[in-house]
Amino acid sequence: MSVYFEPGKRKSRKVARAFADGCGGIMAGAPAELQPCLAAFYGVKPETAHLFEAAEKSGRDWYYIDNGYFRAGEDGYFRVTRNRIQHSGRGAPRPEDHTRLRRMGVDIAPWRPAGRHIVVCLQTEWWYRRWGRSRESWLTGVTQTLADLTDRLIVVREKPHLVRQAGMSQPSLAEHLKDAWALVAFTSNAAVEAIIAGVPAFVDGPSAAAPMANDRLAAIEHPRRPEGREDWAAVLAANQWSLEEMKLGIAWKALTRDKRAAAEDEGR
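Residues numbered from 1 in each chain as written. Predicted model: local features only at pLDDT ≥ 70, side-chain atom pairs only at ≥ 80, totals over all residues. Heavy atoms only, no water.

Chemist: Sorry if this is basic, but what is going on with the overall build of the chain here?
Modeler: Along the chain, the regular secondary structure elements total 11 helices and 10 strands. Taken over the C-alpha trace, the chain has a radius of gyration of 19 Å; the compact-globule value for 268 residues is 18 Å, and the two agree within 12%. With the C-alpha coordinates aligned to their principal axes, the bounding extent of the chain is approximately 55 × 45 × 35 Å. Evaluated residue by residue, the chain yields a buried proportion of 50% over its 268 residues. Contacts in the chain between residues far apart in sequence, at least 24 positions, make up 61% of those at least 6 positions apart. Computing the positive centroid from 39 side-chain charges and the negative centroid from 33, the chain places the two 3 Å apart. (Helix = DSSP H or I, 4+ residues; strand = E, 2+ residues; numbered from the N terminus. Rg over C-alpha atoms; globule rule 2.2 N^0.38 Å. Buried < 20%, exposed > 50% of the residue type's maximum accessible area, 1.4 Å probe, protein only. Contact = heavy atoms within 4.5 Å. Lys, Arg positive; Asp, Glu negative; His and termini not counted. Charge placed at Lys NZ, Arg CZ, Asp CG, Glu CD.)

Chemist: I would appreciate a short explanation of the nonpolar core in the present structure.
Modeler: The nonpolar side chains of soluble globular proteins are, as a tendency, buried together. Membership of the largest hydrophobic core comes to 32 residues, with the highest contact counts inside it found for F70, L183, V192, I195, I196 and W232. Per-element tally for this core: the top contributor is helix 8 (residues 190–196), with six residues. Every residue in contact with L183, bar those within four places of it in the chain, is listed here: V119, C121, L173, L177, A190, A191, A194, V199, P200, A201 and F202. The next biggest cluster of nonpolar side chains, apart from the first, holds 22 residues, and it includes M1, A18, Y42 and Y63. (Core = buried A, V, L, I, M, F, W, Y, C linked by side-chain atoms within 4.5 Å.)

Chemist: Whenever I open this one, the pattern of salt bridges confuses me. Can you help?
Modeler: When charged atoms on two side chains of opposite charge get close, those side chains can pair. Summed over all chains, the structure comprises 12 salt bridges. Here R79 and D66 are joined by a salt bridge, their closest N and O atoms 3.7 Å apart. Remark: D66 occurs in strand 4 (residues 62–67) and R79 occurs in strand 5 (residues 78–82); sequence separation between them is 13 residues. Accessibility classification places R79 together with D66 in one group, the buried group. (Salt bridge = Lys/Arg side-chain N within 4 Å of Asp/Glu carboxyl O.)

Chemist: Can you help me understand the sheet that holds strand 9 (residues 201–203) in this one?
Modeler: Adjacent strands of a sheet pair through backbone hydrogen bonds, lying either parallel or antiparallel. An order of 7-6-8-9 is seen for the four strands of this open sheet, with the pairing classed as parallel. The sheet is open, and its two edges are formed by strand 7 (153–157) and strand 9, each paired on a single side. Looking at each pair of strands side by side, their axes are set apart by 20° on average, direction ignored. The pairing of strand 6 (residues 117–121) with strand 8 (residues 180–185) spans four bridges and is parallel. (Pairing = 2+ DSSP bridges. Axes fitted to C-alpha atoms, helices over the stretch in contact; angles between N-to-C directions.)

Chemist: Help me understand the sheet that holds strand 1 (residues 2–4) in this model?
Modeler: With mixed pairing, the six strands of this open sheet are ordered in space as 2-1-3-4-5-10. The two strands at the open ends of the sheet, each matched to only one other strand, are strand 2 (26–29) and strand 10 (240–241). Two elements, strand 1 and strand 3 (residues 39–42), share three bridges in a ladder whose sense is parallel. From the neighbouring strand, V3 faces strand 3, where its bridge partner is A40. Sheet contacts for helix 1 (residues 10–23): strand 1, strand 2, strand 3, strand 4 and strand 5; angle to strand 2, the most-contacted strand, approximately 150°.

Chemist: Quick question: what am I supposed to make of unusual backbone geometry here?
Modeler: Where the residue is not glycine, phi is negative for most of them; where a peptide bond is considered, it is trans in most cases. At N83, a position not held by glycine, the phi torsion is positive, near 60°. Positive phi values are uncommon outside glycine, yet D179 reaches one of about 60°. Structurally, D179 is set in the loop between helix 7 (173–177) and strand 8.

Chemist: I tried to follow the packing of helix 3 (residues 95–103) against helix 9 (residues 229–237) on my own but got confused; where do I start?
Modeler: To characterise two packed helices, one gives the angle between the axes of the helices and the distance between these axes. Axis separation between helix 3 and helix 9 bottoms out at 8 Å; the angle between their running directions is 85°. Between helix 3 and helix 9, the angle falls in the class roughly perpendicular. From helix 3, D97, H98, R100 and L101 reach across to helix 9, where they touch E230, D231, A233, A234 and A237. The residue inventory of the contact of helix 3 with helix 9, partitioned by class, reads four nonpolar, one polar and four charged. (Parallel < 35°, antiparallel > 145°, perpendicular 65-115°, else oblique. Nonpolar A, V, L, I, M, F, W, Y, C, P; charged D, E, K, R; others polar.)

Chemist: Explain helix 5 (residues 135–149) here, please?
Modeler: Think of an α-helix as 3.6 residues a turn; residues three or four steps apart then line up on the same face. Across its 15 residues, helix 5 extends 21 Å between first and last C-alpha, which sits within 8% of the 21 Å expected from 1.5 Å per residue. Listing the buried residues of helix 5 in full gives R135, W138, V142 and L146. Within helix 5, the buried residues cover an arc of 70° as seen down the axis, which keeps them to one side. Among the exposed residues of helix 5, those pointing more than 90 degrees away from its buried face are E136, Q144 and D148. (Expected span 1.5 Å × (residues − 1). Arc of directions from axis to C-beta.)

Chemist: Sorry, what's going on with helix 1 here?
Modeler: Under the 1.5 Å per step criterion, the end-to-end length of helix 1 is 20 Å for 14 residues, consistent within 8% with the ideal 20 Å. Every buried residue belonging to helix 1 is among S12, V15, A16, A18, F19, A20, G22 and C23, and all of these are buried. Of the residues trailing helix 1, G24 is marked for its positive phi of about 70°.

Chemist: I would appreciate a short explanation of the packing of aromatic side chains in the present structure.
Modeler: Tallied over the entire structure, the rule returns 14 aromatic pairs. Here Y64 and W127 contribute two aromatic rings whose centre-to-centre distance is 6.2 Å and whose plane-to-plane angle is 85°, an arrangement assigned as edge-to-face. Of this pair, Y64 sits in strand 4 while W127 sits in helix 4 (residues 125–130), placing them 63 residues apart in sequence. Using a relative accessible area of 0% as the deciding quantity, one classes Y64 as buried. Residue W127 is classed as buried on the basis of its relative accessible area of 9%. It is R130 that lies over the ring of W131; its NZ or CZ is 4.4 Å from the centre. Positioned above the aromatic ring of W181, the side-chain terminus of R152 is 3.9 Å from the ring centre. (Phe/Tyr/Trp six-rings, centres within 6.5 Å; stacked < 30°, edge-to-face > 60°. Lys NZ or Arg CZ within 6 Å of the ring centre and 35° of its normal.)

Keep in mind these values describe shape, not function.
Here it is in structure tokens:
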């Protein structure tokens, strides 16, 4: 296993090291070419995008690491998925998954029945391009559609690291969600955070939020607020790990266990 990361970023190196230690892999950084073995990526940045795209085309298994679905951060949790960017959010949780969710202290707020504005979350251009879209066309399409469907204020939220790079600032997601009627995203994890906070979410790309989210903007004034968020959140809790859990191989054991289970299902 080669673990690719941004060599110049301390956090990137730290996360990659933890996963490499836990799976018996090596630190690969951002070389010019993909190594001939399994690949893992902590995020996909300009330095590693070509490697990620090569891994997808190679037919070999690849693993993707990013900030957790909730309780994320350097001292929090990181999600890891095999051959996909996010977990589907589907499946039946085990009792221990609910226990894990409680230990994480995730507070699932009641569905919010009211709100004044709609938060539209942007991502980097690469994410849209990966699915044959563009950032500009997605934003234009969403905002024009919303303008035709609702009189609510539309608040566009930029990707946080792009705001920092520009030397600017914007409210936190928690602040943007205050008094929000709904949140709209492509695949952003902000949709998961919105649902946990009781704010209906809309997604139109592959997202862990999909089971609890809406997929048609036509429903913006009557969004679904489904039951079952605790089970859904427990499934996600079982698919994110702390750095220590990654380093100890707990994440790798869970990922390979799920792979064996999938192979057994295919064989029946």
